Every structure is written in structure tokens, then in C-alpha cells.
Amino acid sequence: MRNGFSFIEVLVSIVILATLGSALLKFNSFNKRAMEKNILSQENIFLSSSVLYIKDIDKKITTDKEEELYDLISFEKLSDKDRKFLKSITVSISVDTEDKVFLLNDGKENKYIEYGNIRIKQNENKLSYLWLKDSK
């Protein structure tokens, strides 16, 4: 009768455990990167959604000086907690008008579309968007 495991059996079990351990480490690393990417994406959506609803953004914002997010947006009903949170976030926004595309010129009125770039910077986050505006 045998009382224990042979040397080969112990080596095979160590190899199997090492393979499973490395697979778990790789999986954990993948999850961490995916979570960081998700958090960054949520921050970008938060910043851009509050800025992109500013009416006539090309007239209101022309320089890229740092401003509080609260000063840029106009919500009618905000709690004190939300107001304090928005005042704690500073962003730097620059808006550039690139060009006009003329659609119609019949002598009476010009129909065109203006477009340009919006760049939003907050800490490490840098976002860039294209904005469009039609003639009034």
C-alpha cells in the first residue's frame, strides 16, 4: 500500500494550480481596466451633457479660462447639495467656429449651417466635440 503522493503527482498538481492562479490574475487585471474605462466614460458623459445644453455656446464661451460648472449651466430647480457639488467642479472650455456651409441664397435670405469645435478640459479629462448651428 501507498501512504502518499508521488513526486510526479505533486508536480502535476502544482502546475495545474499555477495555471489557474495566473488565469485568475489576468482576469482580475482585465476587470480593473474595464472598470477604470467605465468610470472615465461616466465622468465624460457627466461633463459633456451639462455643457452641451448651453444655448448659443459659441457666443457665451470664447476663451478657455477655468470656470465653475455651476456658472455655465442654467437649471431652474436645484437642491443646495447639487448646487454645492456643481460649484466644486471647475472646467476649462474653448469654442472655435470653423466655417459656414451655405445651403441657400435666394437674394432675400441666406440659409447656412455653422460648425466648430468644443473642447472641454477638467483635471485629466479632455473631450472634443463638433457643434452645429443653423441660421436664424
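Just above, that's the structure.
Calculation criteria
- Residues numbered from 1 in each chain as written.
- Predicted model: local features only at pLDDT ≥ 70, side-chain atom pairs only at ≥ 80, totals over all residues.
- Heavy atoms only, no water.
- Helix = DSSP H or I, 4+ residues; strand = E, 2+ residues; numbered from the N terminus.
- Contact = heavy atoms within 4.5 Å.
- Patch = residues over 30% accessible without salt bridge, like charges linked within 9 Å, V, L, I, M, F, W, Y side chains within 5 Å.
- Areas by Shrake-Rupley, 256 points an atom, 1.4 Å probe, with all protein chains shown as cover.
- Salt bridge = Lys/Arg side-chain N within 4 Å of Asp/Glu carboxyl O.
- Buried < 20%, exposed > 50% of the residue type's maximum accessible area, 1.4 Å probe, protein only.
- Pairing = 2+ DSSP bridges.
- Axes fitted to C-alpha atoms, helices over the stretch in contact; angles between N-to-C directions.
- Phe/Tyr/Trp six-rings, centres within 6.5 Å; stacked < 30°, edge-to-face > 60°.
- Lys NZ or Arg CZ within 6 Å of the ring centre and 35° of its normal.

**Observations regarding the side chain of Glu114**
At step 1: You can see Glu114 is positioned in strand β3 (residues 110-122).
At step 2: Ignoring sequence-local partners within four residues, the contact set of Glu114 consists of Thr97, Asp99, Lys100, Trp131, Leu132 and Lys133.

**Re a nonpolar patch on the surface**
At step 1: Together, Phe7, Ile8, Leu11, Val12, Ile16, Leu17 and Leu20 give the surface a local cluster of nonpolar side chains, amounting to about 740 Å² of exposed area.
At step 2: Residue placement: Leu17 occurs in helix α1 (residues 7-51).
At step 3: The class for Leu17 is exposed, based on a relative accessible area of 61%.

**Brief notes about the sheet that holds strand β1 (residues 66-68)**
At step 1: Taken together, the four strands give an open sheet; going across it, the order is β1-β2-β3-β4, and neighbouring strands pair in antiparallel fashion. Each edge of the sheet is formed by a strand with only one pairing partner; in this case those strands are β1 and β4 (125-134). On average, adjacent strands in this sheet sit at an angle of 35° to one another, irrespective of strand direction.
At step 2: Of the strand pairs in this sheet, strand β2 (residues 90-105) and β3 are connected by twelve bridges, and their pairing is antiparallel. Within β3, the residue paired with Val101 across the bridge is Ile113.
At step 3: Packed on one face of the sheet, α1 meets β2, β3 and β4 and runs near 35° to β4.

**Regarding the packing of aromatic side chains**
At step 1: What the rule picks out here adds up to zero aromatic pairs.
At step 2: One cation-aromatic arrangement involves Lys100 over Tyr112; the distance from NZ or CZ to the ring centre is 4.6 Å.

**A look at the pattern of salt bridges**
At step 1: Following the criterion strictly, the structure yields one salt bridge and no others.
At step 2: A salt bridge links Asp80 to Arg83, with the shortest nitrogen-to-oxygen separation between them at 3.2 Å. Of this pair, Asp80 and Arg83 both sit in helix α4 (residues 80-87), three residues apart, which is roughly one turn of the helix.
At step 3: Residue class for Asp80 comes out exposed when judged on its relative accessible area of 63%.

Don't take any of this as a statement about function, it's just geometry.
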